[in-house]
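In case you want the letters, here they are:
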Amino acid sequence: MLDERTILLVLPILVLQLALMIFAIVDLIRNPNPNGPKWMWAAIIVLLNLIGPILYFVIGRRNY
Amino acid sequence: MKQFSALLLKEWRENLRNYKIFWIPIVFILLGITEPLSNYYLPQILDATGGLPEGAVIELPDPEPEQLMVAVMGQFQLIGMLVLVLAYMGSIAGERRNGTATLLYVRPLSYVSYFLSKWLMASAVALLSVWAGFLAGYYYTAVLFSAVPFGEFLAFAATYSVWIVLVVTLVLFASASMPNGGLAAGLTLAALLILQLIHSLFGSQWDWSPFRLPNYAASFLDIGPDAVALAWTLALSLVCLLILATMGIWFAKRNRAKTKV
């Protein structure tokens, strides 16, 4: 099932999700005062695909 | 004008440094790709998750490319809009709380420039996201199934753009009028949900409403909307946009007293 075509089709999704995760992690490292413990946000960002980084940017960044 | 460009530069830097200009478009592109891709792999997904008797043959008709684009729009209407509302709920209310407003409001500030700089930047990010997402969906649909005529696609995305700019204006108005970002998001989502509900209950004859914009966008992929109704809808949307922006500027000015120092 994992033929070359499938990999090529799914690859952009993986790359974009990885980019989203990296943006969120970099921002978390540079954030002096996140809304909750840093290790918790790191776990959420890495473990929850797509939803994790969004949750961090919306709730964890304290920009409201 | 000089003040406006200075404020716009501030907004640009802010959106760059909190990564909004990167992560919001990425979310929309992912939404745009997932819809055609999961439709393409639907037989395999059904196969892998089981629940079907041995030897069962699934015959799924290929979805129409137009249906897929409308489904992408449906994702934007749910998740995309939620992301935009939550991302920009604090753009004015949050500044009053985190101290940025103290630095700004002690200067002779034009609230028109202040509001419009935020509006322009938020709209630009929203439009970038929506177009990137639609183009990604268009590309995947074209590769996996067949292409929607590009002219129809442009009209579809352009009509939806008007709607998304209107939503951004509503968020900024709410952010200017509410004491904090959470309430601003609540007001925006409640207004959108309640008005949409009223619309679906009583609005079968309301052809000129801004809430028809997504429907008209979708019908560009089909037979095309009624030109007169579309023109009136666009005019009415512009009026709504101007009213919301004016009220937003007025509230931004009135609520400056609520700034935490």
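Residues numbered from 1 in each chain as written. Chains lettered and ligands numbered in written order. Predicted model: local features only at pLDDT ≥ 70, side-chain atom pairs only at ≥ 80, totals over all residues.

Caption draft 1: Here's a closer look at the nonpolar core. All names here are of chain B. Grouped together as the largest cluster of nonpolar side chains are 76 residues, with contacts concentrated most on Val27, Met69, Leu84, Tyr88, Val168, Val171 and Leu172. For this core, the element with the highest residue contribution is helix α8 (residues 150-177), accounting for 14 residues. Setting aside anything within four residues of it in sequence, one finds Met69 in contact with Gly137, Tyr138, Thr141, Val148, Phe153, Phe156 and Leu221. (Core = buried A, V, L, I, M, F, W, Y, C linked by C-beta atoms within 7 Å. Buried ≥ 20, exposed ≤ 12 C-beta atoms within 10 Å, placed from the backbone. Helix = DSSP H or I, 4+ residues; strand = E, 2+ residues; numbered from the N terminus. Contact = placed C-beta atoms within 7 Å.)

Caption draft 2: View of the interface of chain A and chain B. Contact residues are listed per partner, giving 18 residues for chain A and 20 residues for chain B. Residue assignment for the side of chain A that touches chain B shows that the elements contributing at least two residues are α1 (4-30) and α3 (51-60) of chain A. Sorting elements by how many residues they give to the side of chain A that touches chain B places α1 of chain A first, with nine residues. For the side of chain A that touches chain B, a count of residues per class yields 14 nonpolar, two polar and two charged. (Nonpolar A, V, L, I, M, F, W, Y, C, P; charged D, E, K, R; others polar.)

Caption draft 3: Quick look at the UniProt feature "transmembrane region" (unreviewed entry) in chain B. Residues and elements named next belong to chain B. Here the UniProt feature "transmembrane region" (unreviewed entry) sits at residues 21-42, 68-89, 119-141, 153-174, 181-202 and 229-252. Between the C-alpha atoms that bound residues 119-141 there is a distance of 32 Å. The span itself is 100% helix and 0% strand. Measuring from the first to the last C-alpha atom of residues 153-174 gives 32 Å, for a span that is 100% helix and 0% strand. (UniProt positions renumbered as here; feature names shortened; annotations may be inferred.)

Caption draft 4: Main features of the UniProt feature "transmembrane region" (unreviewed entry) in chain A. All names here are of chain A. The sites that carry the UniProt feature "transmembrane region" (unreviewed entry) are, in the present numbering, residues 7-26 and 38-59. Between the first and last C-alpha atoms of residues 7-26 the distance is 27 Å; the span itself is 100% helix and 0% strand. Secondary structure content for residues 38-59 is 86% helix and 0% strand, while the C-alpha to C-alpha distance between its ends is 13 Å.

Caption draft 5: View of the confidence of the model for chain B. All names here are of chain B. Here chain B averages 89 in pLDDT, while 98% of its residues score no lower than 70. Summarising per-element confidence for chain B, the mean pLDDT is lowest in helix α3 (residues 42-49) (79) and highest in helix α7 (residues 111-144) (95). Taken over the whole predicted complex, pTM reads 0.91, whereas the ipTM for its chain interfaces reads 0.91. (pLDDT = per-residue confidence, 0-100.)

Caption draft 6: Quick peek at the UniProt feature "domain: Cardiolipin synthase N-terminal" (unreviewed entry) in chain A. With numbering matched to this structure, UniProt assigns "domain: Cardiolipin synthase N-terminal" (unreviewed entry) to residues 19-61 of chain A. Here residues 19-61 of chain A is 74% helix and 0% strand, with 18 Å between the C-alpha atoms at its ends.

Caption draft 7: Broad picture of the confidence of the model for chain A. For chain A, per-residue confidence averages 88 on the pLDDT scale, and residues scoring 70 or more make up 94% of the total. Of all the helices and strands in chain A, α3 of chain A carries the lowest mean pLDDT, 90, while helix α2 (residues 38-47) of chain A carries the highest, 92.

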